[in-house]
Amino acid sequence: MDGVTLVDHPLVQHKLSIMRDKGTSTGSFRRLLREISLLLCYEVTRDLELTTKKIETPMEEMDAPVLKGKKLVFASILRAGNGLLEGMLDLVPSARVAHVGLYRDHETLEAIEYYYKAPHDLSDRVVIAVDPMLATANSATAAIEKLQASGAKDIRFLCLLAAPEGIANFRKALPDVPIYTAAIDERLNENGYIVPGLGDAGDRMYGTK
Ligand code: PRP
Ligand code: URA
């Protein structure tokens with residue numbers, strides 16, 4: 001699928017299957033999401049540009065590869081985005097963080113914004129927006145359009161599960177933003193939930209209903 005990277009690493013797939021199981025506890029779900037996010041972060045940052053920096057090893061001087069440009073920005077789409085964010089920060093502790101608070105109206109499935117805070121200089125940074133679920137894509141597109149309005153240009157979207165309908169909507173709204181996902185599921189059900197999916201990601205992470 002154009003612009004979509006499927007992260008099919010066996011460890012990701014194994015952990016995701018445990019997360020999907022309705023018998024998996026809140027604690028295990030949260031831990032697995034954090035673990036998977038390390039592996040997904042590795043893939044979504046695979047093509048970051050490098051430069052070199054002179055360092056001295058105990059043996060001699062060398063031009064050592066280091067990340068080029070300003071610190072990355074991870075944009076967490078609340079609430080469930082925080083589950084991915086934590087693991088990503090384990091891997092890239094110096095990243096800056098944006099929070100985009102959105103919830104889905106259960107009737108219309110529109111994304112309702114309730115919070116937004118982002119580093120002020122997004123225009124020359126790589127921004128990785130994270131949310132475990134891409135269902136209708138209303139939340140992801142609203143969040144990314146908000147980040148674009150704040151100046152972000154180089155944006156990628158990282159999720160755990162995507163519905164084909166969500167990918168199509170996302171592509172239409174944001175043709176240039178690449179999507180990274182661990183799975184593309186079958187479809188959305190009549191309530192806008194991903195099937196087979198894993199249920200409500202936020203509820204499963206935090207033990208709410
Ligand atoms: C969930 C999920 C996404 C959104 C995906 O959030 O974390 O943000 O739904 O659905 P969409 O693609 O149809 O917009 P929810 O609105 O349940 O809020 P929460 O993260 O606070 O639980
Ligand atoms: N949000 C979720 O948490 N799960 C879905 O299946 C769809 C939207």
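A few points on the structure. (Residues numbered from 1 in each chain as written. Chains lettered and ligands numbered in written order. Predicted model: local features only at pLDDT ≥ 70, side-chain atom pairs only at ≥ 80, totals over all residues. Heavy atoms only, no water.)

Here the focus is the site of ligand 1. The immediate surroundings of ligand 1 are formed by 15 residues, with Arg-104, Asp-131, Thr-136, Ala-137 and Ser-139 found nearest. Asp-131 places a side-chain nitrogen or oxygen 2.4 Å from an oxygen atom of ligand 1. Burial of ligand 1 by the surrounding chains reaches 92%, relative to a free accessible area of 500 Å². Only β5 (96-104), β8 (133-134) and α4 (138-149) provide two or more residues apiece to the shell around ligand 1. (Near = heavy atom within 4 Å. Polar contact = N/O pair within 3.5 Å; in protein donor to acceptor, adjacent residues only side chain to side chain. Areas by Shrake-Rupley, 256 points an atom, 1.4 Å probe, with all protein chains shown as cover. Helix = DSSP H or I, 4+ residues; strand = E, 2+ residues; numbered from the N terminus.)

Counting residues in hydrophobic clusters, the biggest one holds 37 residues, and the most contacted among them are Leu-40, Phe-74 and Leu-160. Where this core is concerned, the elements lending two or more residues are α1 (10-20), α2 (26-44), α3 (81-91), β7 (126-130) and α6 (201-206). Sorting elements by how many residues they give to this core places α2 first, with seven residues. Here Leu-40 is in contact with Val-7, Val-12, Leu-84, Leu-158, Cys-159, Leu-160 and Ala-182, once residues within four sequence places are set aside. Ala-98, Leu-102, Ala-162 and Phe-170 belong to the second largest nonpolar core, which has 26 residues in total. (Core = buried A, V, L, I, M, F, W, Y, C linked by side-chain atoms within 4.5 Å. Buried < 20%, exposed > 50% of the residue type's maximum accessible area, 1.4 Å probe, protein only. Contact = heavy atoms within 4.5 Å.)

Its place among the elements puts Ala-111 in strand β6 (residues 111-117). Sequence separation between Ala-111 and Ala-129 is 18 residues, and the spatial gap between their C-alpha atoms is 15 Å. Beyond its immediate sequence surroundings of up to four residues, Ala-111 is in contact with Leu-102, Tyr-103, Asn-138, Ser-139 and Ala-142.

What surrounds ligand 2 is the set Arg-104, Met-133, Ala-135, Gly-192, Tyr-193, Ile-194, Gly-199, Asp-200 and Ala-201. Interatomic distance of 2.8 Å between a backbone N/O atom of Gly-199 and a nitrogen atom of ligand 2. Here an oxygen atom of ligand 2 and a backbone polar atom of Ala-201 are 2.8 Å apart. Taken by itself ligand 2 offers 240 Å² of open surface, and the protein chains cover 89% of this. Here the shell around ligand 2 is built from residues that sort into five nonpolar, two polar and two charged. (Nonpolar A, V, L, I, M, F, W, Y, C, P; charged D, E, K, R; others polar.)

Here we come to α2. If you check α2, its first and last C-alpha atoms are 26 Å apart, about what 19 residues at 1.5 Å a residue would give, namely 27 Å. Residues of α2 that are buried include every one of Phe-29, Leu-32, Leu-33, Ile-36, Ser-37, Leu-40, Cys-41 and Val-44, and no others. (Expected span 1.5 Å × (residues − 1).)

All right, on to unusual backbone geometry then. Geometrically, the link from Leu-78 to Arg-79 is a cis peptide bond, its omega value of -5° lying close to zero. Along the chain, Arg-79 turns up in the loop between β4 (73-78) and α3. Note the cis peptide between Val-195 and Pro-196, where omega equals 0°. Tracing the chain through its elements places Pro-196 in the loop between β14 (194-195) and α6.

A few words now on the packing of α2 against α3. Running from amino to carboxyl end, α2 crosses α3 at an angle of 60°, the nearest separation of the two axes being 7 Å. Judged by the angle between their axes, α2 and α3 are oblique. Handedness of the α2/α3 crossing: right-handed. Residues Leu-33, Arg-34, Ser-37, Leu-38, Leu-40, Cys-41, Tyr-42 and Val-44 of α2 lie in contact with α3, whose contacting residues are Gly-83, Leu-84, Glu-86, Gly-87, Met-88, Asp-90 and Leu-91. Taken together, the residues of the contact of α2 with α3 break down into nine nonpolar, three polar and three charged. (Axes fitted to C-alpha atoms, helices over the stretch in contact; angles between N-to-C directions. Parallel < 35°, antiparallel > 145°, perpendicular 65-115°, else oblique. Left-handed = near helix turned anticlockwise from the far one by under 90°.)

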